[in-house]
Amino acid sequence: MPTITIVQKNKSKNIYTWYARVPDKKGKVHYFSLKTESKSEAKTKLQQNIKAGLYDLKEESETMTLGEAAEKFESYERAKGAKNRSIDTMLQAINMLSPIFPRKVSDVTTKEISEAFMASGEGISPMTYKNRKTILSTFFSYLVDVLEVMQSNPVKKAIPQRKVPKKQRYFWTTEQIDRIIANAPNPRIRLLWSFMAFAGLRVSEACAMRPEAIHDGYIHVKGKGDKVATIPICPRLQREIDRYDGEWKFSYTSKVLDRVAEKAIPEGFPGKAHAHRFRYSFGSNMIRAGVNIKIIQRLMRHETISLTLDTYISILDDDCEKAISEVYS
């Protein structure tokens, strides 16, 4: 067995946990958390784990079954420091293949994996399907790269992709937003909503707004990745800024603002109300008005146009009817 040592691999980040440094036969290094900052304890745990066989990265036997491989993978993940919750999720995925656990790993076919997975996966949600497929891919990569008992990872061929259907995303029209803004519980919430509805700010960005960030007709905002952007102040937003005479201290969380939105928004508005929908509606209403998509992308501060079009922007059935009528009148 290659030499196994202990190391503090994250010391530069001020993390002093000791890890077992375990090279495999190919020279690839694996790290397993020893869950202690004490060097003496780390040495003791290392010896205990070696005796327990937790670092035996290659199984010499050619008769290993898939079930035995699953047990070794569980031990491998636990030795790396995986949490119990993650282990439980992992086992739920791997146990979908339990009908073929008695089979020798070297004899397992793509068809057997596919049939076992599809039979066990009937009725699970698309997201669970995707997550379990990812876990099984990790498991078989372990069999290929660490135990070296398979030649290639069969998951991609065995388990087909299953697309997660997009959820219906609702937005508010400009008329609806005016009604909602007027129904705000207090002037501070009203201004916060206005920043999101009329400038497309995110919740965190709106809560961080201060008077000094507004000058020369622009909002100067620091967004995701600490990127600074300037957003023009429209007349509608300027009126809301002018009417507010309170303290600029918006110490709200997204959850609090969502609860306020649920209470304040009138009945009859489709979908669950939440504060982020103001920003979503900001972009949607501009595309409905025929604004150039590149301008919308810049105002929304998206890295790609596809994100602007596919994720955030919605249209109404009336928009489609109006467009057809205008072209084919």
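Before going into details, it helps to say that this report is about the structure given with it.

Cut-offs and rules
- Residues numbered from 1 in each chain as written.
- Predicted model: local features only at pLDDT ≥ 70, side-chain atom pairs only at ≥ 80, totals over all residues.
- Heavy atoms only, no water.
- Salt bridge = Lys/Arg side-chain N within 4 Å of Asp/Glu carboxyl O.
- Helix = DSSP H or I, 4+ residues; strand = E, 2+ residues; numbered from the N terminus.
- Buried < 20%, exposed > 50% of the residue type's maximum accessible area, 1.4 Å probe, protein only.
- Pairing = 2+ DSSP bridges.
- Contact = heavy atoms within 4.5 Å.
- Axes fitted to C-alpha atoms, helices over the stretch in contact; angles between N-to-C directions.
- Polar contact = N/O pair within 3.5 Å; in protein donor to acceptor, adjacent residues only side chain to side chain.
- Core = buried A, V, L, I, M, F, W, Y, C linked by side-chain atoms within 4.5 Å.

### Things to note about the pattern of salt bridges
In total, this model carries eight salt bridges according to the counting rule given. Of the charged contacts in the structure, one is a salt bridge between R78 and E74, with a shortest N-O distance of 3.0 Å. Separated by four residues within a single helix, R78 and E74 lie in helix α2 (residues 66-79), roughly one turn from each other. For E74, a relative accessible area of 21% translates into the label partly exposed. Among the salt bridges present, the one from R202 reaches E205, with a minimum N-O distance of 2.7 Å. Each member of the pair, R202 together with E205, is buried. Three or more residues joined by partner-sharing salt bridges are found here, namely D178, R190, R236 and E240.

### Some details on the sheet that holds strand β6 (residues 228-232)
The strand order across the open sheet built from three strands is β4-β5-β6, with neighbouring strands paired in antiparallel fashion. Here the strands that pair on one side only, and so sit at the sheet edges, are β4 (214-215) and β6. Bridging between β4 and strand β5 (residues 218-222) involves two bridges; their strand directions are antiparallel. Of the residues in β5, the one forming a bridge with I214 is I219.

### Side note on the environment of A116
Along the polypeptide, A116 turns up in helix α4 (residues 110-120). For the pair A116 and M96, spaced 20 residues apart in sequence, the C-alpha separation works out to 6.5 Å. Residues contacting A116, with those up to four places away along its chain left out, are M96 and L97.

### Topic: the sheet that holds strand β2 (residues 19-23)
In spatial order, the strands read β1-β2-β3; together these three strands make up an open sheet with antiparallel pairing. Edge positions in the sheet fall to β1 (5-7) and β3 (29-33), since each has one partner strand and no second. Across the sheet, the mean angle separating the axes of adjacent strands is 35 degrees when strand polarity is ignored. Pairing of β1 with β2 involves three bridges; the strand directions are antiparallel. The residue of β2 that forms the bridge with T5 is R21. Packed on one face of the sheet, helix α1 (residues 39-51) meets β1 and β2 and runs near 145 degrees to β1.

### Points about the pairing of β5
Across the two faces of β5 the burial differs, with I219 and V221 buried and Y218, H220 and K222 not buried at all. Connecting the antiparallel pair β4 and β5 is a turn made up of two residues, with D216 showing a positive phi of about 60 degrees. The sheet contact formed by β5 and β6 spans five bridges and is antiparallel. Residue pairing across strands places V221 opposite A229, the latter belonging to β6. Where β5 folds back on β6, the antiparallel hairpin that results is connected by five residues, among which G225 adopts a positive phi of roughly 70 degrees.

### Focus on the environment of H220
Along the chain, the position of H220 falls in strand β5. Its relative accessible area of 28% is what places H220 among the partly exposed residues. Along the chain, H220 and T230 lie 10 residues apart, while their C-alpha atoms are 4.6 Å from each other. Beyond its immediate chain neighbours, meaning those up to four positions away, H220 contacts M209, A213, H215, A229 and T230. Only 3.5 Å separates the side chain of H220 from the side chain of H215, close enough to count as a polar contact.

### Digging into the nonpolar core
Ranked by size, the top nonpolar core spans 46 residues in total, and within it Y55, L66, L97, F139, F140 and L143 carry the most contacts. Elements with a minimum of two residues in this core: β2, α1, α2, α3 (84-94), α4, α5 (126-145) and α6 (155-158). Broken down by element, the residue count for this core peaks at eight residues, all from α5. Residues M196, W248, F250 and I296 belong to the second largest nonpolar core, which totals 44 residues.

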